[in-house]
Amino acid sequence: LSGVLIGDHHPMSMPIQLETQDGVTRGRVVLDISWEGPPGCVHGGHIAHLFDCIMGQHNLNVGIPGMTGTLEVRYRRPTPLHTELVLEARTDRLSGRKSVTLARIVAGEELMAEAEGLFIIPRDFEGNLPDRRAE
């Protein structure tokens, strides 16, 4: 995938595929021992990295690209390694040059973590936002 995800040859590249449909970006990933923090679990910093990547790519895909201003992550449970993780991101609201995006990571039926990101839309793009601005 092109866009904001780190390239395939970068040492921090994660094996994730993303797709955006009906205003929601979804992806799936299985992380191995390379991403370990606590024994058997994904390091929290890598969780934040996943959120920043999926939310940034989501924003790009729906036509409201922006730079990350803040990223708030709520870790609900330890995220297991060697388990399929399902990621989801959606635009929550737009106001001027600010876009708020929400995301979550689920393993099976359990919520592992969720995030809210504030993204700042570049001034030169501001006049080209999609009609959904008022959502």
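Refer to the structure above for everything that follows.
Residues numbered from 1 in each chain as written. Predicted model: local features only at pLDDT ≥ 70, side-chain atom pairs only at ≥ 80, totals over all residues. Heavy atoms only, no water.

### A closer look at the overall build of the protein
On a plain count of helices and strands, the protein comes out with one helix and six strands. Listed N to C, the secondary structure of the protein is β-β-α-β-β-β-β in terms of helices and strands. Out of the 135 residues in the protein, the part that is buried amounts to 37%. Sequence-distant contacts in the protein: of pairs separated by 6 or more residues, those separated by 24 or more amount to 65%. (Helix = DSSP H or I, 4+ residues; strand = E, 2+ residues; numbered from the N terminus. Buried < 20%, exposed > 50% of the residue type's maximum accessible area, 1.4 Å probe, protein only. Contact = heavy atoms within 4.5 Å.)

### A closer look at the sheet that holds strand 1 (residues 17-21)
An order of 1-2-4-5-6-3 is seen for the six strands of this open sheet, with the pairing classed as antiparallel. Bordering the open sheet on either side are strand 1 and strand 3 (67-75), each of which pairs with just one other strand. Taken pair by pair, the neighbouring strands of this sheet meet at an average axis angle of 20°, ignoring direction. Inspection of the sheet shows strand 5 (residues 98-107) paired to strand 6 (residues 110-120) by ten bridges, in the antiparallel sense. Residue pairing in the sheet places S99 in a bridge with F119 of strand 6. (Pairing = 2+ DSSP bridges. Axes fitted to C-alpha atoms, helices over the stretch in contact; angles between N-to-C directions.)

### Regarding the environment of I16
Tracing the sequence through the fold places I16 in the segment before strand 1. Residues I16 and V30, 14 residues apart in the sequence, show an inter-C-alpha distance of 8.0 Å.

### Quick notes on the pattern of salt bridges
Opposite charge on two side chains allows them to pair when their charged atoms are near. Counted by the stated rule, this structure contains ten salt bridges. By sharing partners, the salt bridges in this structure join R26, E88, R90 and R104 into a single network. (Salt bridge = Lys/Arg side-chain N within 4 Å of Asp/Glu carboxyl O.)

### Some remarks on the pairing of strand 6
With eight bridges connecting them, strand 3 and strand 6 associate as antiparallel partners. Residue pairing for strand 6: Y75 is matched across the bridge by A113. Taking the residues that link successive antiparallel strands as the turn, the strand 5-strand 6 hairpin has two residues, and the phi of G108 there is positive, at about 65°.

### Structural notes on the side chain of T25
Looking at the element boundaries, T25 is found in strand 2 (residues 24-30). In terms of polar contacts, T25 uses its side chain to reach the side chain of T20, at 2.6 Å. One polar contact links T25 to H58, side chain to side chain, over a distance of 2.8 Å. T25 has contacts with L18, E19, T20, I54, H58, N61, L87, E88 and A89, leaving out every residue within four places of it along the chain. (Polar contact = N/O pair within 3.5 Å; in protein donor to acceptor, adjacent residues only side chain to side chain.)

### Quick notes on the environment of M67
Locating M67 in the fold gives a position in strand 3. Residues M67 and I121, spaced 54 residues apart in sequence, show a C-alpha to C-alpha distance of 6.5 Å.

### Here we look at helix 1 (residues 44-61)
Since the α-helix advances by 3.6 residues per turn, residues separated by three or four positions end up pointing in the same direction. With 18 residues, helix 1 extends 26 Å between its outermost C-alpha atoms, agreeing within 8% with the 26 Å of an ideal straight helix rising 1.5 Å per residue. Among the residues making up helix 1, those that are buried are H46, I47, A48, L50, F51, C53, I54, M55, G56, Q57, H58 and N59. Residues of helix 1 that are buried in the fold lie against strand 1, strand 2, strand 3, strand 4 (84-95), strand 5 and strand 6. Backbone geometry just after helix 1 places G63 at a positive phi near 85°. (Expected span 1.5 Å × (residues − 1).)

### What about unusual backbone geometry?
Excluding glycine, residues mostly have negative phi values, and the peptide bonds linking residues are mostly trans. The backbone phi angle of D22 is positive, close to 50°, even though this residue is not glycine. Along the chain, D22 turns up in the loop between strand 1 and strand 2.

These results come straight from atomic positions and should not be treated as a statement about function.
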